Amino acid sequence: PLEALHFGTVFYFSGCEPWGWRLSNLVMEIASCFLLYLATARISGSRTLAFTAAVIFALFPVHDSTHYWAVGSCVTLSLMLYLASLWATLKAIGSEKKLAWFAAAYAAFALSIYGYEPFLPLAALNVVAYTTVGNQFNSIAAKLRALFAQSVPYAVIIGSLLVYQRYLVPLISKPALHKIHLDAGLMANVVWQGLYNISPFATTPFISGHVQNFLLNDGLGGGTIARLLGLLAITSGGLLLTALSDREGATGEGNAKKKGALLLMLIGALAAVFSYTIFGLNPEYAPTLTTILNRINTGGAIGYSLLVAGLAGSIIYAGGRWTTVRATTIYALVGIAAIVFTLVNWNLGKTWEISWAVQKRTFDALHARKDEFATTNSIILLNCPRYVDCAPVFDGTWDFEQMMRIALGRTDINGGVVSERMRLSRDAVQDVTFGFVCAEYPLRGLVLVTPGLESCTQVHGAWNFIDIVEREGTTFGLAKQAISDWRSQAALGMRRQKNGLFIPQNKRREEPAQVPGESASPSTKNNTLDQKNLSVSGSL
């Protein structure tokens, strides 16, 4: 419900203009980094390490979908609220207002998972952090009692979300729930793959490839160098100021901060592991760096940043004393990492810019010519890449239809995108994924359009639908097999099952595999514009 409130609020103020989405996401990302800084400072006892963690987390380029995708902003909102929960938990340690801080922690966590669920497993991190930071427990028994006492409220909150999803949501609207798979092998594989994806083994070639791509296509012009120097100045200045405020000369403090750095590494490792466990409950969410599903790496990025900051601290405070040489070396490496990560993020952002340009051009054309579609029942977009690398353009009914309805000012018109998922009968076309009917479009009153509405064609029957798509809709990789299948379906005829799904007349009953998730879409190579061929985007 919080996710819906977030989208509705931003849309109320800025509509389809990008400023509201950019501003709200920017504010939430800055707040998230600041909250991580505060939490890290309390864990490690070092503001320098806290600033290092915040910089690494802000720029580590493994979840660009949360930076550039409007839908991904719900992850940023959930992230901000979770980090507020972690910080409030740490503030409760030794505080006279412990109950108030606990209440704030529980409330922030509840809001986080009622916005989006990916940080649900990190409730365990709050519990671990509370029982390991500081020396507030004199015995193992006391620590175990605290673990149990802290776990109960989080368990109640998580249970309330399950009740809400299972029993209350169906009373409001038709829900689509991912099926939970309790499979130890699946869980272990997802966690392992997630940890590998944020490790240097996977990120080094990923980062180097994007840096090379940026330098080859954009180069280092005067404006780019000025911006990078500004970033380096901010990073260096922040590290210097936090180092001075830490008063790091005393040996005793150095030993304490070294222990804090080791604790930071432990909590970072746990954060990374915990964060992927929720995605091990469903086979659709395999960890990745290169599709919109990379948003699931956000929790892993928290763990990564804490690990890097802890490793930096263990080097800076080696031997229990801060030294200028070690600290300067680490600060230089952090500055270099900030520059490299930024180049990667700029390169990743290009695909989202192209995606937005195609979306805006199509939206503006529909809005300007809305009177032409006053009696149209359905509009299907063709000859448009569904993705530019991992950036969605128009993947299906779930995004094109809503955009189209806003542009036309109508809620009684249906919309979709031509893809291999479609099944064709003699009087309708269905969009089917995982054996689930996402949408159905009667051929009567159906119009096929291209991006920017350069072509708008009324459909007259199944064979005409095939001819139009074959003539005007194959530029961006629509599989020839799809057109062949449609010809067979139109010739043989289709029958409708009890669940509404079209199947060929001579085929036995087909059962849905599962309720669909968006992961099915970005994995396909068809209808995808690869970043290496961005010059093709001019034709859009």
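Everything numeric here is computed off the predicted structure, so don't read it as measured data. (Residues numbered from 1 in each chain as written. Predicted model: local features only at pLDDT ≥ 70, side-chain atom pairs only at ≥ 80, totals over all residues. Heavy atoms only, no water.)

Thoughts on the overall build of the protein chain
Phase 1 of the analysis: Looking only at helices and strands, one finds 17 helices and 12 strands in the protein chain.
Phase 2 of the analysis: Radius of gyration (C-alpha) of the protein chain: 26 Å, near the 24 Å computed for a compact globule of 540 residues.
Phase 3 of the analysis: In terms of its C-alpha atoms, the protein chain occupies a principal-axis envelope of roughly 85 × 55 × 45 Å.
Phase 4 of the analysis: The proportion of buried residues among the 540 residues of the protein chain is 53%.
Phase 5 of the analysis: Contacts spanning at least 24 positions in sequence make up 73% of the contacts within the protein chain whose residues lie at least 6 apart. (Helix = DSSP H or I, 4+ residues; strand = E, 2+ residues; numbered from the N terminus. Rg over C-alpha atoms; globule rule 2.2 N^0.38 Å. Buried < 20%, exposed > 50% of the residue type's maximum accessible area, 1.4 Å probe, protein only. Contact = heavy atoms within 4.5 Å.)

Focus: the sheet that holds strand 1 (residues 378-381)
Phase 1 of the analysis: Spatial ordering of the open sheet is given by 4-1-8-9, a layout of four strands whose pairing is mixed. Edge strands, defined here as strands with exactly one partner in the open sheet, are strand 4 (414-417) and strand 9 (456-458). Strand-to-strand twist across the sheet, computed as the mean angle between neighbouring axes with direction ignored, equals 25°.
Phase 2 of the analysis: Pairing geometry for strand 8 (residues 446-449) and strand 9, over three bridges, is antiparallel. Bridge pairing in strand 9 places Val449 opposite Cys456.
Phase 3 of the analysis: Against the sheet, helix 15 (residues 397-408) engages strand 1 and strand 4, with an angle of about 135° to strand 4. (Pairing = 2+ DSSP bridges. Axes fitted to C-alpha atoms, helices over the stretch in contact; angles between N-to-C directions.)

Observations regarding the sheet that holds strand 5 (residues 422-424)
Phase 1 of the analysis: The strand order across the open sheet built from three strands is 5-6-7, with neighbouring strands paired in antiparallel fashion. Among the strands making up the open sheet, the edge pair consists of strand 5 and strand 7 (436-442). Recorded for the sheet is a direction-independent mean angle of 25° between the axes of neighbouring strands.
Phase 2 of the analysis: Here three bridges tie strand 5 to strand 6 (residues 428-433), and the two strands are oriented antiparallel to one another. Of the residues in strand 6, the one forming a bridge with Arg423 is Gln430.

Quick word on a nonpolar patch on the surface
Phase 1 of the analysis: A contiguous nonpolar patch, built from Tyr12, Phe13, Trp19, Leu23 and Val27 and spanning about 640 Å² of accessible area, is present on the exposed surface.
Phase 2 of the analysis: Secondary-structure elements contributing two or more residues to the nonpolar patch are helix 1 (2-14) and helix 2 (18-44).
Phase 3 of the analysis: When residues of the nonpolar patch are assigned to their parent elements, the largest contribution, three residues, is made by helix 2.
Phase 4 of the analysis: Relative to the helices and strands, Trp19 is located in helix 2. (Patch = residues over 30% accessible without salt bridge, like charges linked within 9 Å, V, L, I, M, F, W, Y side chains within 5 Å. Areas by Shrake-Rupley, 256 points an atom, 1.4 Å probe, with all protein chains shown as cover. Salt bridge = Lys/Arg side-chain N within 4 Å of Asp/Glu carboxyl O.)

A short note on helix 15
Phase 1 of the analysis: The terminal C-alpha atoms of helix 15, which comprises 12 residues, lie 15 Å apart, in line with the 16 Å expected from a rise of 1.5 Å per residue.
Phase 2 of the analysis: Where helix 15 is buried, its residues contact helix 14 (324-368), strand 1, strand 4, strand 6 and strand 7. (Expected span 1.5 Å × (residues − 1).)

Quick notes on the packing of helix 16 (residues 462-472) against helix 17 (residues 480-492)
Phase 1 of the analysis: Interhelical geometry of helix 16 versus helix 17 gives an angle of 170° and a closest axis separation of 10 Å. With respect to their mutual orientation, helix 16 and helix 17 come out roughly antiparallel. Facing helix 16, whose interface residues are Ala462, Trp463, Phe465, Ile466, Asp467, Val469 and Glu470, helix 17 presents Ile483, Trp486, Arg487, Ala490 and Ala491.
Phase 2 of the analysis: Class assignment for the residues of the contact of helix 16 with helix 17 results in nine nonpolar, no polar and three charged. (Parallel < 35°, antiparallel > 145°, perpendicular 65-115°, else oblique. Nonpolar A, V, L, I, M, F, W, Y, C, P; charged D, E, K, R; others polar.)

Some details on the confidence of the model for the protein chain
Phase 1 of the analysis: Confidence in the prediction of the protein chain, expressed as mean pLDDT, is 88, and 91% of residues score 70 or more.
Phase 2 of the analysis: Below a pLDDT of 50 lies the segment residues 509-526, which in the model reaches 50 contacts outside its immediate sequence neighbourhood of four places, other chains included.
Phase 3 of the analysis: Contacts of residues 531-540 to residues separated by more than four positions or lying in other chains number 18 contacts, the stretch itself having pLDDT below 50. (pLDDT = per-residue confidence, 0-100.)

What about the packing of helix 3 (residues 47-59) against helix 14?
Phase 1 of the analysis: Two elements in contact, helix 3 and helix 14, have axes separated by 9 Å at closest approach and are oriented at 15°. Taken together, the axis directions place helix 3 and helix 14 in an arrangement best described as roughly parallel. Here helix 3 runs over helix 14; the crossing is left-handed. Mapping the contact onto sequence places Thr48, Thr52, Val55, Ile56 and Leu59 in helix 3 and Tyr331, Val334, Ala337, Ala338, Phe341, Thr342 and Asn345 in helix 14.
Phase 2 of the analysis: By residue class, the composition of the contact of helix 3 with helix 14 is eight nonpolar, four polar and no charged. (Left-handed = near helix turned anticlockwise from the far one by under 90°.)

Considerations on the nonpolar core
Phase 1 of the analysis: Formed by 101 residues in total, the largest nonpolar core has its most connected members in Tyr82, Leu83, Leu90, Ile267 and Ile302.
Phase 2 of the analysis: With 11 residues, helix 5 (residues 73-91) is the single largest residue contributor to this core.
Phase 3 of the analysis: Look past the residues within four positions of Leu90 in its chain and what remains in contact with it is Ala39, Arg42, Ile43, Ala129 and Val133. (Core = buried A, V, L, I, M, F, W, Y, C linked by side-chain atoms within 4.5 Å.)

Overview of the state of the cysteines
Phase 1 of the analysis: Going through the model one piece at a time under the given rule, you end up with zero disulfides.
Phase 2 of the analysis: Lacking any disulfide linkage, Cys16 is separated from the closest cysteine sulfur, that of Cys384, by 17 Å.
Phase 3 of the analysis: As a non-bridged cysteine, Cys33 has Cys74 as the owner of its nearest cysteine sulfur, 17 Å distant. (Disulfide = S-S within 2.5 Å.)

What about the pattern of salt bridges?
Phase 1 of the analysis: Within this structure, the stated rule accounts for 14 salt bridges.
Phase 2 of the analysis: The closest approach of N and O atoms between Glu401 and Arg405, which form a salt bridge, is 3.6 Å. Note that Glu401 and Arg405 are positioned in helix 15 at a spacing of four residues, about one turn of the helix. You'll find Glu401 and Arg405 in the same group, each marked buried.
Phase 3 of the analysis: In this structure, Arg496 and Glu440 form a salt bridge, with 2.8 Å as the shortest nitrogen-oxygen distance. Of this pair, Arg496 sits in strand 10 (residues 494-496) while Glu440 sits in strand 7; the two residues are 56 residues apart in sequence, bridging distant segments of the chain.
Phase 4 of the analysis: We classify Glu440 as partly exposed; its relative accessible area is 28%.
Phase 5 of the analysis: Through salt bridges with shared partners, one network takes in Arg386, Asp395, Glu420, Arg421 and Asp431.

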